[in-house]
Amino acid sequence: MNDSTTTASEQAMALVGRHYRLTDHYEVGREKIREFARALQDDHPAHRYEDAAAELGFDRLVAPATFSSIVLLLVQRKMFESVLTGYDLGQVLQTEQSIQVHRPIVAGDQLRCDSYIESFRQFGDKDFMVTKNVLTNQHKDVLQTAYSTAVAQTGVDLAPDLRATVEGVIMTGQSAADRSAAAATRTIEDAGLVECFDEPAQPDSSDEPRTPRSVPAFEELSVGMALPTRTTLLTRGDLVNYAGVSGDSNPIHFSDLVAGSAGLPNVVSHGLLTMGLGAGYLTSWLGDPAAMVNYAVRFAGFAPVPATKASAIEFHGRVKELDPERRAATIALSATSEGRKLFGRATATVLLR
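Quick look at the side chain of Lys132 now. Examined against the element boundaries, Lys132 turns out to sit in strand β5 (residues 126-136). One buried charged residue, Lys132, forms no salt bridge at all, with the nearest opposite charge on Glu118 at 5.7 Å. If we ignore the near neighbours within four places in the chain, the residues touching Lys132 are Asp114, Ser115, Tyr116, Glu118, Thr145, Ala146 and Tyr147.

What follows is the structure in structure tokens.
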């Protein structure tokens, strides 16, 4: 698979239908939850104080819904370190992400992740790969099912001086040269993955549904109703902080030169950061971060973040559908920056009191 004569696209195509698992768990710490919430500018007290989490029915801090992106990025990075070594990490972007929340992630959870390669397709010089990721805890409870779509640009031949700059900017050990050298002797187990052949874990359908503690009641909503607008500011410092907290070290988020080589007008915000900001916008209105049960975003653009001033992102929401039986609402979200649409499509399903 890692033979130098095998192209990156051939590597990816050969993985369709295969199933990988992290060999070790990721333990969710209370301070990490606080750091992640801060990086998302999400000030809900249940992410910071145990007594506030207890008011929502939890005995430990509740993580923001997109906290799982830390583990999903970890799995993705290990895939590119072991079985997808032909791709340049600087040319890999997330284009779509969805999460179905079965149970909230809380402090003390030991997260396991199973990743299923669902599909691969090529469109021009771009490769698209879809993975299904199932997160479970130490009790084998299924917490989230997430689908991720990544796109990698192929056939990009960087000039030698520019490639040297990229190699000098990217995180140590993550450059193409570093990964190729390591892949020559590293097994997939060395990278922290193991191939599996068992059936996927399933959510426990016998669980009693949790009673939402939302601020708005279901009866207060109507189809077409608009949520309050929220404007969030992002600086380069915010991008660097999120990169460190989340583990997303793609240099397009901090290097103007690398961003330019990827065809971007400037350093841009992480797609998963804007997705997380959108989730925080929604749960701030809800008042209950555990009341969001589905969230899906198709990324349509990036928010450029200049070196010396903040970039503004404006979030809007609208009630799209109502389900009286479940007391659920489907919310359509939008995010714009300097007139650019950041979400091509974004919806969330929330439960209400």
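Enumeration over the complete set of coordinates arrives at five cavities of 30 Å³ or more. Estimated volume of the largest cavity: approximately 340 Å³. Lining the largest cavity are 20 residues, and of these Leu73, Gln76, Val92, Asp248 and Asn250 lie nearest its centre. Sorting the residues of the lining of the largest cavity by element identifies α4 (69-82), β3 (92-101) and α9 (271-286) as the ones contributing at least two each. With four residues, the single largest contributor to the lining of the largest cavity is α4. Here the residues of the lining of the largest cavity sort into nine nonpolar, nine polar and two charged. Along the wall of the second largest cavity there are 25 residues; nearest its centre are Gln76, Phe80, Met129, Thr131 and Ala150. Only α4, β3, β4 (110-123), β5 and β6 (142-153) provide two or more residues apiece to the lining of the second largest cavity. It is α4 that provides the largest number of residues to the lining of the second largest cavity, a total of seven residues. In terms of residue class, the lining of the second largest cavity is built from 15 nonpolar, nine polar and one charged.

Before going further, it helps to spend a moment on unusual backbone geometry. Notably, Lys140 is not glycine yet its phi reads approximately 65 degrees, a positive angle. Position of Lys140 among the secondary structure elements: in the loop between β5 and β6. Lys140 gets classed as exposed once you look at its relative accessible area, which sits at 73%. A positive phi is found at Glu338, a non-glycine position, where the angle reads about 50 degrees. Residue placement: Glu338 occurs in the loop between β11 (328-337) and β12 (340-341). The class for Glu338 is exposed, based on a relative accessible area of 55%.

Turning our attention to the packing of helix α2 (residues 30-39) against helix α7 (residues 236-246). At a closest axis distance of 9 Å, the pairing of α2 and α7 adopts a crossing angle of 150 degrees. Put simply, α2 runs roughly antiparallel to α7. As for the relative orientation of α2 and α7, their crossing is left-handed in sense. In this structure, α2 uses Lys32, Glu35, Phe36, Arg38 and Ala39 to contact α7, whose residues at the interface are Asn241, Tyr242, Gly244 and Val245. Of the residues belonging to the contact of α2 with α7, the class tally is four nonpolar, two polar and three charged.

Here we take up the pairing of β3. Two strands pair when backbone bridges link them, and β3 and β6 are joined in this way by nine bridges, in the antiparallel orientation. Its bridge partner being in β6, Glu96 is matched across the sheet by Thr149. Summarising the sheet, β3 and strand β9 (residues 292-299) pair through five bridges and their orientation is antiparallel. In the strand pairing of β9, Gln97 is matched with Val297.

Another point: the layout of surface pockets. Roughly 980 Å³ of internal volume is contained in the largest pocket. Contributing to the lining of the largest pocket are 33 residues, with His102, Arg103, Glu208, Pro209 and Arg210 lying nearest its centre. Going through the elements one at a time, β3, β6 and β9 are the ones with two or more residues in the lining of the largest pocket. In terms of residue count, the dominant contributor to the lining of the largest pocket is β9 (three residues). In terms of residue class, the lining of the largest pocket is made up of 15 nonpolar, seven polar and 11 charged.

Before going further, it helps to spend a moment on α7. Along α7, the positions that sit buried rather than exposed are Arg236, Leu239, Tyr242, Ala243, Val245 and Ser246. On its buried face, α7 sits against α2, α4, β8 (230-234), α8 (256-261) and α9. Downstream of α7 by one or two residues, Gly247 has phi in the positive range, about 90 degrees.

Considering all chains together, one arrives at seven aromatic pairs under this definition. For the pair Tyr26 and Phe67, a centre-to-centre distance of 6.3 Å together with 65 degrees between the ring planes defines the contact as edge-to-face. Taken as a pair, Tyr26 in strand β2 (residues 26-27) and Phe67 in the loop between α3 (50-55) and α4 lie far apart in primary sequence, 41 residues in all. There is no split in this pair, since Tyr26 and Phe67 are both buried. Both rings, one in Phe36 and one in Phe67, keep their centres 5.3 Å apart while their planes meet at 70 degrees; by these two values the pair is edge-to-face.

Bringing the pattern of salt bridges into the picture now. Going through the model one piece at a time under the given rule, you end up with 16 salt bridges. As a salt-bridge pair, Lys126 and Asp125 come within 3.6 Å of each other at their nearest N and O atoms. With relative accessibility at 34%, the residue Lys126 sits in the partly exposed group. Classification of Asp125 by relative accessible area gives partly exposed; the value is 33%. Three or more residues joined by partner-sharing salt bridges are found here, namely Arg30, Glu31, Arg34 and Glu50.

Definitions and limits used
- Residues numbered from 1 in each chain as written.
- Predicted model: local features only at pLDDT ≥ 70, side-chain atom pairs only at ≥ 80, totals over all residues.
- Heavy atoms only, no water.
- Helix = DSSP H or I, 4+ residues; strand = E, 2+ residues; numbered from the N terminus.
- Buried < 20%, exposed > 50% of the residue type's maximum accessible area, 1.4 Å probe, protein only.
- Lys, Arg positive; Asp, Glu negative; His and termini not counted.
- Salt bridge = Lys/Arg side-chain N within 4 Å of Asp/Glu carboxyl O.
- Contact = heavy atoms within 4.5 Å.
- 1 Å grid on protein atoms, 1.4 Å probe; cavity = no way out; pocket = protein on both sides within 12 Å on 5 of 7 lines; lining within 4 Å.
- Points joined across faces, edges and corners; volume = space filled by probe spheres on them.
- Nonpolar A, V, L, I, M, F, W, Y, C, P; charged D, E, K, R; others polar.
- Axes fitted to C-alpha atoms, helices over the stretch in contact; angles between N-to-C directions.
- Parallel < 35°, antiparallel > 145°, perpendicular 65-115°, else oblique.
- Left-handed = near helix turned anticlockwise from the far one by under 90°.
- Pairing = 2+ DSSP bridges.
- Phe/Tyr/Trp six-rings, centres within 6.5 Å; stacked < 30°, edge-to-face > 60°.

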